[in-house]
Amino acid sequence: MRVDLHLHTTASDGAWTPQAVVQGAVDGRLDVIAITDHDTMAGYEPAAAAAEKLPIQIIRGIEVSSTHEGQDVHILGYFVDPESPVLIAHCERAGNRRVERMQEMVAKLVEGGLEVTYDDVLKAAGPDHVSIGRPHLARALVELGHVSTVSSAFNSLIGDNHAAFVPTHLASPVEAVGVIIEAGGVPIWAHPPGWLVDELLPGLVGAGLGGLEVYRPSHRKHDVVRYETICRTGGLLMSGGSDWHTPFAGASLGDFHVEASEIEPLLSEGGF
Ligand code: AMP
Ligand code: FE
Ligand code: FE
Ligand code: ZN
């Protein structure tokens, strides 16, 4: 079985609707996918409805944003209870904070001499978004002709450590793990930054972290080996996903996948 446990839709910063993601995943011969939008679960129901008559299973997921010393740390939550008051409260707060933070980022760009408005970002985000994020701002900057690509927007203006970056400051990584545990989900550290793992892992495991996202298109062989070793020695679950947002450089859904057998203990936590 071909699996991808990290996908974004137009509910957050993905370019495709949940329905289009499901159809794209079927076309890419994926058997199981997780919808993991940033700080919202709004993409799951439409995805699950679209999947009803298709040969694919959908896992309910979320990618919870947190900040550690000004840097983004993302915690994936799988099999979360959508009715969890703690998770619902997180998503509501995130929606508001992300608007405020985006307005702060726009103000910084304007101070730096660029002409851009929050409405430009809203337009780039489209009507379906619940959670606004930097890729929407990046697309607006491309649209306005300030940069030529989304990547160059990140590399010159809005990436972590660049002048106009404002952290989400929604939670600490330990709190993000706690939200997912409260919601009955399995917390998995998304794209763990190599330089932060040793520092943050003990605290996160203490808070209930279930595992690491080991398999990703951008992970080099030595990252994979390192994370597999950490998981095996620490009794942690392994996950894998493409973190797909948009058709980029010709990459389609299904070009990357993990075999269900590689991440079986995680899948079985959700009865898959
Ligand atoms: P936010 O949650 O609003 O801070 O946005 C984070 C998102 O920005 C990530 O999930 C990626 O989709 C995107 N992102 C972060 N860094 C880069 C980068 N260097 N190039 C392209 N996209 C990026
Ligand atoms: Fe994203
Ligand atoms: Fe992420
Ligand atoms: Zn992601």
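First things first, this report covers the structure right here in the doc. (Residues numbered from 1 in each chain as written. Chains lettered and ligands numbered in written order. Predicted model: local features only at pLDDT ≥ 70, side-chain atom pairs only at ≥ 80, totals over all residues. Heavy atoms only, no water.)

1. Focus: the coordination of the iron ion (ligand 2)
Here's step 1: In the first shell of the iron ion (ligand 2), the protein supplies D13 (OD), H38 (NE2) and H245 (NE2), at 2.0 to 2.3 Å from the metal.
Here's step 2: The distance between the iron ion (ligand 2) and the iron ion (ligand 3) comes to 5.3 Å. One end of the pair, D13, is in the loop between strand 1 (2-7) and helix 1 (18-27); the other, H245, is in the loop between strand 7 (237-240) and strand 8 (258-259), and 232 residues separate them in sequence. One exposure class covers both D13 and H245, and it is buried. (Donors = N, O, S within 2.8 Å, 3.2 Å for Na, K, Ca; no water. Helix = DSSP H or I, 4+ residues; strand = E, 2+ residues; numbered from the N terminus. Buried < 20%, exposed > 50% of the residue type's maximum accessible area, 1.4 Å probe, protein only.)

2. Things to note about the coordination of the zinc ion (ligand 4)
Here's step 1: Here the zinc ion (ligand 4) is held by H6 (NE2), H8 (NE2), E63 (OE) and D243 (OD), and the distances to it run 2.0 to 2.2 Å.
Here's step 2: For the zinc ion (ligand 4), the four donor atoms are set out with angles of 80 to 169 degrees between them, so the coordination reads as irregular.
Here's step 3: For the zinc ion (ligand 4), the single-chain donor residues occur in sequence as H-x1-H-x54-E-x179-D.
Here's step 4: A separation of 4.4 Å is found between the zinc ion (ligand 4) and the iron ion (ligand 2). Residue E63 is found in strand 3 (residues 57-68), and its partner D243 is found in the loop between strand 7 and strand 8; the two are separated by 180 residues along the sequence. Just as E63 is buried, D243 falls in that class too. (Tetrahedral: all angles 85-135°; square planar, octahedral: opposite > 155°, others 65-115°.)

3. A look at the packing of aromatic side chains
Here's step 1: Tallied over the entire structure, the rule returns three aromatic pairs.
Here's step 2: Taking the centre distance of 6.1 Å and the plane angle of 25 degrees together, the rings of F79 and F272 count as stacked. Taken together, the positions of F79 in the loop between strand 4 (71-78) and helix 3 (85-111) and F272 in the segment after helix 10 (264-269) put the pair 193 residues apart, joining distant regions of the chain.
Here's step 3: Looking at F79, the relative accessible area reads 18%, which means it is buried. (Phe/Tyr/Trp six-rings, centres within 6.5 Å; stacked < 30°, edge-to-face > 60°.)

4. Things to note about the environment of V26
Here's step 1: Note on placement: V26 falls in helix 1.
Here's step 2: Linking V26 and I56, residues 30 residues apart in sequence, is a C-alpha distance of 6.6 Å.
Here's step 3: Beyond its immediate chain neighbours, meaning those up to four positions away, V26 contacts L54, P55 and I56. (Contact = heavy atoms within 4.5 Å.)

5. Thoughts on the pattern of salt bridges
Here's step 1: Following the criterion strictly, the structure yields ten salt bridges and no others.
Here's step 2: Across the salt bridge formed by E100 and R97, the nearest N and O atoms sit 2.7 Å from each other. With E100 and R97 both in helix 3 and three residues apart, this pair spans about one turn of that helix.
Here's step 3: Exposure remark for R97: the relative accessible area of 14% places this residue in the buried category.
Here's step 4: Between R216 and E213 there is a salt bridge, with the nearest N and O atoms lying 3.1 Å from each other. (Salt bridge = Lys/Arg side-chain N within 4 Å of Asp/Glu carboxyl O.)

6. Topic: the site of ligand 1
Here's step 1: Neighbouring residues of ligand 1: D13, H38, D72, R98, R101, G133, R134, P135, F154 and H245.
Here's step 2: Here D13 contributes a side-chain N or O atom positioned 3.4 Å from an oxygen atom of ligand 1.
Here's step 3: Here R134 contributes a side-chain N or O atom positioned 2.8 Å from an oxygen atom of ligand 1.
Here's step 4: Secondary structure elements with two or more residues in the shell around ligand 1: helix 3 and helix 5 (134-143).
Here's step 5: In this structure, the shell around ligand 1 is formed jointly by two domains, domain 1 (2-91 + 168-269) and domain 2 (105-158), each of which donates at least three residues. (Near = heavy atom within 4 Å. Polar contact = N/O pair within 3.5 Å; in protein donor to acceptor, adjacent residues only side chain to side chain. Domains from an automatic or database assignment.)

7. Some points on the sheet that holds strand 4
Here's step 1: Pairing is mixed across the open sheet formed by eight strands, whose spatial order is 7-6-5-4-3-2-1-8. Looking at the sheet topology across the chains shown, the edges are occupied by strand 7 and strand 8.
Here's step 2: With four bridges connecting them, strand 6 (residues 211-215) and strand 7 associate as parallel partners. If you follow Y215 over to strand 7, its bridge partner there is G240.
Here's step 3: Helix 2 (residues 44-51) contacts strand 2 (32-35) and strand 3 of the sheet and is inclined by roughly 160 degrees relative to strand 3. (Pairing = 2+ DSSP bridges. Axes fitted to C-alpha atoms, helices over the stretch in contact; angles between N-to-C directions.)

8. A short note on the side chain of S84
Here's step 1: As for its placement among the helices and strands, S84 is situated in the loop between strand 4 and helix 3.
Here's step 2: Its relative accessible area of 4% is what places S84 among the buried residues.
Here's step 3: Engagement of the side chain of S84 in a polar contact is seen with the backbone nitrogen of L87, the distance being 3.1 Å.
Here's step 4: If we skip the residues at most four places from it in the chain, S84 touches E182 and A183.

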